[in-house]
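# A structural walkthrough
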Amino acid sequence: MLSNKTSSTVRSVINAIQRYKVLNTLTHDCFETALETEQKLLTEKKNDSPLYGRPILIKDNFCLRDTLTTCASKMLANFRAPYTSTIVQRLIDHGCIIVGKTNMDEFAMGTASWGAFGPVANPWSLTKNMATNEETNKTVLHVAGGSSGGSAAAVGANLVSLALGSDTGGSIRNPAARCGCYGFKPSYGLLSRSGLVALVNSFDAPGFFARNIDDLIYVTNAVAGPDGEDATLISKSFQPFKTLRNHREKNEKSLLDYDINALSTEYRSCWQDLVHQLTETGEFAFRRVQIPHKPYANAAYTILSSCEIASNMSRFDGIKYGERVRGRILAGNYYLLEENYDKYYVQSQRVRRGLVNDYKKLFEEDKIDCLLAPVVSDDPITLAEYEQSDEIFSGDDGLTVDANLAGLPALSFPVRISSKGFPIGLQIIGPFMQDQAVLSIAQRICSTYHFPFLDLSIQM
C-alpha cells in the first residue's frame, strides 16, 4: 500500500490520477517507485535542470527497464523491458520522475487510444456542461484522440504537466488538439527512437505534451542530441533551444493551403478568425499557396505505413492482435504482393518524395516561414460511436500526415472552446530542423489570446 503520511508533488499527481480513473490514462503505474525517487532526489539534488523533480508520464511504447511495456496489446501484457529507451533515460538523468505508462491505441495504430486495456476518455467530457446518458445517468464520454491519448488526456486535465508521446501520422498533435494542450512533434531525426517500439520506422517521431511552450523546450533540450543506438539521428551536435519570452521577429509569413471546406463550420470559423486576428497585429502576413502532391498524401501515408507495419509486426505472435492491427497488417501484405508492389508501394514513395520537394520549395524558394493548419475537423465523437466504427484510418489523418511524410516539425496548440465545450486546436508546421522557429512562432501566436485550460486537479 502507498503511504500518504507526507505531502509531495508526486503524491498530488497520484491522487489526481486515482481520482479520475474514469479517464483510463494509464496502462501501468509506477507509484511506489516514483515516491521513492522523489525522496531520493530531494536528498541528493544532483543538478539544476528545470525538469528536476518534475513528475512525467511516458507512453507505453517506450521501454523502461524491468517495467511493463505493453503497447496496449494483450500480446505484450506481461512483457518487462530489459533496457530503458534513450529518451526516457535522459529524462531520468535530468531528474524527471516517471509516475506511470500511458494508455494508447494498440501498437500506436488508431485515433482513439483504445487498446487492449480499454479506451482513454477525453477529460473535457467531465466538465459540467457535458451531456449524460438518460438510461444510465452517467456522463457521456468522448474519444481523446490517438494514438497518444493517455498522455494528452493527463496533461489536458492537469493531472501532470508533462508527458511523452510518439507521432507517426499525427499521434501527438491529434490528441493534443482533442484534449486542449500543446503537442510537439520534432523534426524526424532530432530525437532518438532507440527503445521506442517501432510502428512505422520512417515516420515515427518521439515528442511531448505540455501546458506551455517553455516546458516543451526544456524537455526537448534534455533529450535531444547524438545517440549511437539510433542511426537515423542527425549527426551534427544539437544546439539547445532558447526559451522565447523575449525572442521576437517581425513580419513572419504563414501559409494557408488546406481546403478549409473539409472542416466543420465552427472549426473553419476558428481558423479564419485567428488568421484575421493575427493579420491585424501587423506581425503576420498570410498568403495561400497550393501544395501539388497534397491531394495524394493521405493515400500514400496509408499505403506506406501499412507496408512498414506488416513488416514490423511480423516479429510478434499475430494471434493476439486486435482487429484494427490485423486490418493494417493484411493491407500492408496486400500492397507488398509482387503484382501490387509497383502500383502501390513504389508509387506512394514517389508521392512522398514529391511532397518533400513541394515543402522544400515553399520554405526555401517561396520564403514561407511556416504553415498554419487545422489538426482535426470537428468535435470528438463519443466512445460509443467510435466502438461502432470499422474505419482503420481516420479522415482527419489527411490534416496531419504531411509532417510525417516529409519529416517536418509541427506543433499543435489550443485556440478556443467549441459550442459543445471541447477545445479547438490548430498546428504550425515548419521547415526541416527549424524546430526553434516553429516553437517561437507558436509562442507569439498564443500570446495574442487567452485559452482557458482545463484543470481537474483543483476540482478534487
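Structure: see above.
### Notes on the pairing of strand E2 (residues 55-59)
The element E2 is extensively covered by neighbouring structure, given that 5 of its 5 residues are classed as buried. Side chains Pro 55, Leu 57 and Lys 59 project from E2 onto one buried face, and the interleaved Ile 56 and Ile 58 project onto a second face that is buried too. Sheet topology note: the E2/strand E3 (residues 97-102) ladder contains 5 bridges and is parallel. When the bridges of E3 are listed, Ile 58 appears paired with Lys 101. Handedness of the crossover joining E2 and E3 through helix H3 (residues 86-93): right-handed.

### Considerations on the nonpolar core
Ranked by size, the top nonpolar core spans 101 residues in total, and within it Leu 91, Phe 208, Leu 411, Phe 413, Ile 428, Leu 439 and Ile 445 carry the most contacts. In contact with Ile 445, not counting residues within four places along its chain, are Leu 274, Leu 278, Phe 284, Phe 413 and Ile 428. Of all hydrophobic cores here, the second largest spans 37 residues; its members include Leu 199, Val 325, Ile 368 and Ala 403.

### Section: helix H8 (residues 297-313)
With 17 residues, H8 extends 23 Å from end C-alpha to end C-alpha; this agrees with the ideal 24 Å at 1.5 Å per step. A large share of H8 lies buried, amounting to 14 of its 17 residues.

### Quick word on unusual backbone geometry
A cis amide bond links Gly 146 to the next residue, Ser 147, at an omega of 10°. The topology assignment puts Ser 147 in the loop between strand E5 (118-119) and helix H4 (149-156). The phi dihedral of Phe 107 falls on the positive side, at around 55°, and the residue is not glycine. With respect to the element layout, Phe 107 can be found in the loop between E3 and strand E4 (114-115). In this model, Lys 367 sits at a positive phi of 60°, which is unusual for a non-glycine residue. Of note, Lys 367 is situated in the loop between helix H10 (341-365) and strand E11 (370-374). Relative accessible area serves as the criterion here: at 53%, Lys 367 is assigned to the exposed category.

### Brief notes about the pattern of salt bridges
For the structure shown, the criterion picks out 9 salt bridges. Between Asp 66 and Arg 65 there is a salt bridge, with its nearest N and O atoms 4.0 Å apart. Residue Asp 66 shares its accessibility class with Arg 65, and that shared class is exposed. Note that Asp 167 is salt-bridged to Arg 173, the shortest N-O span being 3.0 Å.

### Here's the deal with the packing of H8 against helix H9 (residues 323-335)
With their axes 7 Å apart at the nearest point, H8 and H9 run at an angle of 105° to one another. As far as their axial angle goes, H9 and H8 are roughly perpendicular. Residues Thr 302, Ile 303, Ser 306, Cys 307, Ile 309, Ala 310 and Met 313 of H8 pack against Arg 328, Ile 329, Ala 331, Gly 332, Asn 333 and Tyr 335 of H9.

### A short note on the packing of helix H6 (residues 213-223) against helix H13 (residues 435-446)
When two helices pack together, their arrangement is captured by the angle between the axes and the distance separating the axes. Interaxial distance between H6 and H13 falls to 10 Å at its minimum, and their mutual angle equals 165°. In terms of orientation, H6 lies roughly antiparallel with respect to H13. Crossing angle aside, the handedness with which H6 passes H13 is left-handed. Taken together, the residues of H13 that come into contact with H6 (itself represented by Ile 213, Asp 214, Leu 216 and Ile 217) are Leu 439, Ala 442 and Gln 443. The residue makeup of the contact of H6 with H13, split by class, is 5 nonpolar, 1 polar and 1 charged.

### Re helix H7 (residues 265-281)
With 17 residues, H7 ought to run about 24 Å at 1.5 Å a step, and its terminal C-alpha atoms sit 25 Å apart, in line with that. Inspection of H7 places Tyr 267, Arg 268, Cys 270, Trp 271, Leu 274, Val 275 and Leu 278 among the buried residues, and these make up the whole buried set. The buried residues of H7 occupy one face: seen down the axis, they fall within an arc of 160°. Exposed and oriented more than 90 degrees from the buried face of H7 are Thr 265, His 276 and Glu 280. Immediately downstream of H7, the backbone of Gly 282 shows phi near 80°, a positive value.

### Thoughts on the state of the cysteines
The tally for this structure, following the rule as stated, stands at 0 disulfides. Cys 63 forms no disulfide, and the closest cysteine sulfur to it belongs to Cys 71, at a distance of 7.6 Å. Note on Cys 270: no disulfide assigned, nearest cysteine sulfur contributed by Cys 446 at a separation of 11 Å. Under the relative-accessibility criterion, Cys 270 is labelled buried at 1%.

### As for the packing of aromatic side chains
Under the counting rule described, the total for this entry stands at 14 aromatic pairs. A centroid spacing of 5.9 Å and a plane angle of 70° characterise the contact between Phe 107 and Tyr 321, whose relative ring orientation is edge-to-face. You can see Phe 107 sitting in the loop between E3 and E4 and its partner Tyr 321 sitting in the loop between H8 and H9, a full 214 residues away along the chain. For the pair shown, Phe 107 and Tyr 321 are each scored as buried. With a centroid separation of 6.1 Å and 25° between ring planes, the pair formed by Trp 114 and Tyr 386 is classed as stacked. Here Trp 114, found in strand E4, pairs with Tyr 386, found in helix H11 (residues 383-387); they are 272 residues apart in sequence, far enough to count as distant. Judged by relative accessible area, which is 26%, Trp 114 ranks as partly exposed.

### Quick word on the side chain of Ser 171
For Ser 171, the position within the fold is in the loop between strand E6 (162-167) and helix H5 (173-179). Among the polar contacts made by the side chain of Ser 171, one reaches the side chain of Ser 147 at a distance of 3.3 Å. Non-local contacts of Ser 171, meaning those with residues more than four positions away in its chain, are made with Lys 59, Ala 108, Gly 146, Ser 147, Ser 148, Ser 166 and Phe 209.

Cut-offs and rules
- Per-chain numbering applies: the sequence of each chain, read as written, is numbered from 1 onward.
- With the structure being a predicted model, the display of local features is reserved for residues of pLDDT at least 70 and the display and counting of side-chain atom pairs for 80 or more, all residues being used for whole-chain, interface and lining totals.
- Excluding hydrogens and water, the side-chain figures rest on all heavy atoms present in the structure.
- Three exposure classes are used, based on accessible area relative to the maximum for each residue type with a 1.4 Å probe and protein chains only: buried under 20%, partly exposed in between, and exposed over 50%.
- Put simply, DSSP marks the helices as runs of H or I at least four residues long and the strands as runs of E at least two long, and each gets a number from the N terminus on.
- Two strands make a pair as long as DSSP finds a minimum of two bridges between them.
- We call a crossover right-handed when, viewed with both strands directed away from the observer, the connection leading from the first strand over the helix to the second proceeds clockwise.
- For our purposes a nonpolar core is just a set of buried Ala, Val, Leu, Ile, Met, Phe, Trp, Tyr and Cys residues, chained together by side-chain atoms within 4.5 Å.
- Two residues qualify as a contact provided that any one of their heavy atoms is within 4.5 Å of a heavy atom in the partner residue.
- Residue count minus one, scaled by 1.5 Å, sets the expected span of a helix.
- Salt bridges, as used here, are contacts in which a Lys or Arg side-chain nitrogen is within 4 Å of a carboxyl oxygen on Asp or Glu.
- In this description, a line fitted to the C-alpha atoms serves as the axis of each element, helices being fitted only across the stretch in contact, and the angle between N-to-C directions of two axes falls anywhere from 0 to 180 degrees.
- Here roughly perpendicular refers to angles of 65 to 115 degrees, roughly parallel to angles under 35, roughly antiparallel to angles over 145, and oblique to all remaining angles.
- Crossings are assigned a handedness: left-handed for a near helix turned anticlockwise from the far helix by less than a right angle, right-handed for a clockwise turn.
- Classes in brief: Ala, Val, Leu, Ile, Met, Phe, Trp, Tyr, Cys and Pro nonpolar; Asp, Glu, Lys and Arg charged; the others, Gly included, polar.
- The directions from the helix axis to the C-beta atoms are what the arc is built from.
- Sulfur atoms of two cysteines make up a disulfide when they are within 2.5 Å.
- Aromatic rings from Phe, Tyr and Trp, with only the six-membered ring used for Trp, were paired whenever their centres fell within 6.5 Å, and each pair was classed as stacked if the ring planes differed by under 30 degrees, edge-to-face if by over 60, and tilted otherwise.
- Within 3.5 Å is the distance limit for a polar contact, defined as a pair of N or O atoms, with the added protein rule that one can donate a hydrogen and the other accept it, and that residues adjacent in sequence qualify only through two side-chain atoms.

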